[in-house]
Amino acid sequence: TLYDSILNKEGWDRGWRILREMSANARYFTASSTQPPLDVSQGECVMGVAIDFYGRGQSQAVLRTGQRPEESRVGYIDPPGATYIDADPASIVNGTRRPEMAKRFMTFLLTDEAQALWQFAPARGPGRDSGAGQAAGAGVMIEDAGTQIRLGPVEYSLRRMPSRRAMYERYLEHFTDKTNPFQIASNTPLRGWRDLLGPLMGAFAIDSRQEMKAAWAALNAARTTPGFPSATLADMEAAFYAFPTQTVIDKDGKSTDLPLTEQNYRAISEYTKRWRDPDRGPAARIAYTRFFQTQYRRVVEMYESARPN
C-alpha cells in the first residue's frame, strides 16, 4: 500500500524510479512489517518503511524516563501525499451467543472515551515525569450519565490515530501526536497500478538483488568520477531504469512485444489477468527478472570499460 501510494503521487516514471532507488539502497527486504522500526531504533538502519502506529510505537518504546515523545531518538513521519491511512475494522462474529453485548462494545468503540485511548497520554507509565506529558496524562474529564470519566489510557501510550473527525476538533491539543489526517489529506489520484508492484519489484529488486546492488554501485561511482564519459553515463542510466517488454499473443496466434509503459499497462494487465494467470503470470515474472539481470550486468560492464585506469 505504501509503494502504491508513491506511484499514485509521483506517476509512472518518477514513481518507479523512486521505488527502484529505494530498493537499491535497501539493506535488506523482510517478510515482517515490524522489523524495520525495530532495526531503525537499534541503529541497524538509517530509515525504513513502517505502518504508522508501528513507527510511532517504536518511537515511544525507546523513550527514556522523563522524555517527551517529540524528544525520542527515533522519529516517524507521514510523507505528504504518499501516505495511505486506513481504519482498522471491527465486526461482530456471525452466530455469536451474546449479540447485544457485542453491539454495546461496537457502540463503545466510537465514543469519546474509547477513541481517546488511542492518542491521549497515559495517566502513568513512561513519560509521566515530563511536564507536558504529565499535563496531558492528567487527561480530560467528561460527564456521562452523571458520572465523571477521565479520557485516555491508564498506563500505556498506544500512538494510534482516532477514526472520528470530531476527536481532532475537540481534543487535538491533548494528543500525543498532534496530527490531523483529515486536514492533511491530499487529492492524490488512484492510478490503478497496484497489481504490478509484486511482479515488477520482485523482478527488479528481490530476484535480481545481487545484480542490482552491483549496478547501483557502478552507476553511483560513474556519477561521482571526474571526467567519466557523459555519453556512457547516459547509457548506464538508461539501462538501469529501463522497463521490460511483454510478449502478447492474440487469438490468431500473432505475437507482439509491448513495452511495459503506462500506456500499455491495461493491455498487459488484461493479457496476464493481473499477472495471476497460471501460465502467463509466472512466464512474465521470469522474463522480467531475466531482463533486469541482463540490464544490471550491462551497467557494470559499461562502467568497467569506461572508467579511468
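Analysis parameters
Residues numbered from 1 in each chain as written. Predicted model: local features only at pLDDT ≥ 70, side-chain atom pairs only at ≥ 80, totals over all residues. Heavy atoms only, no water. Helix = DSSP H or I, 4+ residues; strand = E, 2+ residues; numbered from the N terminus. Rg over C-alpha atoms; globule rule 2.2 N^0.38 Å. Buried < 20%, exposed > 50% of the residue type's maximum accessible area, 1.4 Å probe, protein only. Contact = heavy atoms within 4.5 Å. Areas by Shrake-Rupley, 256 points an atom, 1.4 Å probe, with all protein chains shown as cover. Lys, Arg positive; Asp, Glu negative; His and termini not counted. Charge placed at Lys NZ, Arg CZ, Asp CG, Glu CD. Axes fitted to C-alpha atoms, helices over the stretch in contact; angles between N-to-C directions. Parallel < 35°, antiparallel > 145°, perpendicular 65-115°, else oblique. Left-handed = near helix turned anticlockwise from the far one by under 90°. Pairing = 2+ DSSP bridges. Core = buried A, V, L, I, M, F, W, Y, C linked by side-chain atoms within 4.5 Å. 1 Å grid on protein atoms, 1.4 Å probe; cavity = no way out; pocket = protein on both sides within 12 Å on 5 of 7 lines; lining within 4 Å. Points joined across faces, edges and corners; volume = space filled by probe spheres on them. Nonpolar A, V, L, I, M, F, W, Y, C, P; charged D, E, K, R; others polar. Patch = residues over 30% accessible without salt bridge, like charges linked within 9 Å, V, L, I, M, F, W, Y side chains within 5 Å. Salt bridge = Lys/Arg side-chain N within 4 Å of Asp/Glu carboxyl O. Phe/Tyr/Trp six-rings, centres within 6.5 Å; stacked < 30°, edge-to-face > 60°. Lys NZ or Arg CZ within 6 Å of the ring centre and 35° of its normal. pLDDT = per-residue confidence, 0-100.

Undergrad: So what exactly am I meant to see when it comes to the overall build of the chain here?
TA: The helix and strand tally for the chain stands at 14 helices and 4 strands. Computed over C-alpha atoms, the radius of gyration of the chain comes to 25 Å, more than 25% over the 19 Å expected from 2.2 N^0.38 for 309 residues, which places it beyond the range of a compact globule. C-alpha atoms of the chain, sized along the principal axes, occupy 80 × 55 × 30 Å. Looking at the chain as a whole, 39% of its 309 residues are labelled buried. Across the chain, every contact between residues at least 6 apart in sequence was considered, and the portion connecting residues at least 24 apart equals 63%. Of the roughly 18,300 Å² that the chain leaves accessible, carbon and sulfur atoms contribute 51%. Positive and negative side-chain charges in the chain, numbering 39 and 36 respectively, have mean positions lying 2 Å apart.

Undergrad: Sorry, what's going on with the packing of helix α11 (residues 209-224) against helix α12 (residues 230-240) here?
TA: For the pair α11 and α12, the least separation of the axes is 10 Å and the interaxial angle reads 150°. The angle between α11 and α12 falls in the class roughly antiparallel. α11 and α12 meet at a crossing whose hand is left-handed. Facing Met212, Ala215, Trp216, Ala218, Leu219, Ala222 and Arg223 of α11, the residues of α12 in contact are Leu233, Met236, Glu237 and Phe240.

Undergrad: Explanation requested: the pairing of strand β4 (residues 255-259) in the structure shown.
TA: Working note: regular strand, side chains alternate between the two faces of the sheet. As defined by bridge partners, strand β3 (residues 245-249) adjoins β4 across 5 bridges and the pair is classed as antiparallel. When the bridges of β4 are listed, Thr245 appears paired with Pro259. Hairpin connection, β3 to β4: the antiparallel pair is bridged by 5 residues, and Gly253 has positive phi, about 85°.

Undergrad: It is not clear to me how the nonpolar core should be interpreted in this structure. Could you clarify?
TA: Across soluble globular proteins, nonpolar side chains have a tendency to be buried as a group. Membership of the largest hydrophobic core comes to 39 residues, with the highest contact counts inside it found for Trp16, Phe204, Met236, Phe240 and Tyr288. For this core, the secondary-structure elements that each account for two or more residues are α1 (2-10), α2 (12-25), α10 (197-206), α11, α12, α13 (265-271) and α14 (280-306). With 8 residues, the top contributor of residues to this core is α14. By size, the runner-up hydrophobic cluster in this structure holds 9 residues, among which are Val140, Leu151, Tyr168 and Phe175.

Undergrad: Would you take a moment to explain the layout of surface pockets for this structure?
TA: Vacant regions in the atomic arrangement are exposed by a probe of water-molecule size rolled over the atoms. Computed from the structure, the second largest pocket encloses a volume of approximately 300 Å³. Lining the second largest pocket are 16 residues, and of these Arg56, Tyr76, Arg159, Asp177 and Thr179 sit closest to its centre. For the lining of the second largest pocket, the class distribution of residues is 5 nonpolar, 5 polar and 6 charged.

Undergrad: Can you walk me through helix α4 (residues 52-61) in this structure?
TA: One turn of an α-helix holds 3.6 residues; hence residues three or four places apart share an orientation. Counting buried residues in α4 gives 7 out of 10 residues, a clear majority hidden from the surface. Of all the positions in α4, only Asp52, Phe53, Gly55, Arg56, Gln58, Ser59 and Gln60 are classed as buried. Against the buried residues of α4 lie α3 (35-41).

Undergrad: I keep staring at the environment of Ile51 and nothing clicks. Help me out?
TA: Inspection of the secondary structure puts Ile51 in the loop between α3 and α4. As a C-alpha pair, Ile51 and Thr83 span 32 residues in sequence and 9.7 Å in three-dimensional space.

Undergrad: Help me understand a nonpolar patch on the surface in this model?
TA: On the surface, Leu117, Trp118, Tyr156 and Leu158 cluster together to form a nonpolar patch covering roughly 370 Å² of accessible area. Within the secondary structure layout, Leu158 lies in the loop between β2 (147-150) and α8 (165-171). On the basis of relative accessible area, Leu158 is assigned to the partly exposed category, the value being 36%.

Undergrad: Can you walk me through the packing of aromatic side chains in this structure?
TA: Both the distance between ring centres and the angle between the ring planes are used here to describe each pair of aromatic rings. For the coordinates displayed, the defined rule picks out 19 aromatic pairs. Aromatic side chains Tyr168 and Phe182 sit 5.5 Å apart centroid to centroid with 70° between the ring planes, which places their arrangement in the edge-to-face category. Of the two residues, Tyr168 sits in helix α8 while Phe182 sits in helix α9 (residues 181-184), which places them 14 residues apart along the sequence. For Tyr168, a relative accessible area of 3% gives the class buried. Their ring planes at 40° and their centres at 5.6 Å tell us that Tyr265 and Trp275 sit as a pair that is tilted. Pair noted here: Tyr265 is in helix α13 and Trp275 is in the loop between α13 and α14, with a separation of 10 residues, a long-range link. With respect to class, Tyr265 is no different from Trp275; both count as buried. Its guanidinium or amino end placed over the ring of Phe204, Arg20 lies 5.1 Å from that ring's centre, counting from NZ or CZ. For the cation-ring pair, Arg160 lies above Phe53, with the distance from its terminal atom to the ring centre recorded as 3.6 Å.

Undergrad: Explain the confidence of the model for the chain to me, please; I cannot follow it from the model alone.
TA: In regions of low pLDDT, the predicted coordinates are not meant to be interpreted in detail. Chain-level statistics for the chain give a pLDDT mean of 90 and a share of 94% at 70 or above. Long-range and interchain partners of residues 127-137, a stretch whose pLDDT sits below 50, account for 17 contacts in this model, where long-range means more than four residues apart.

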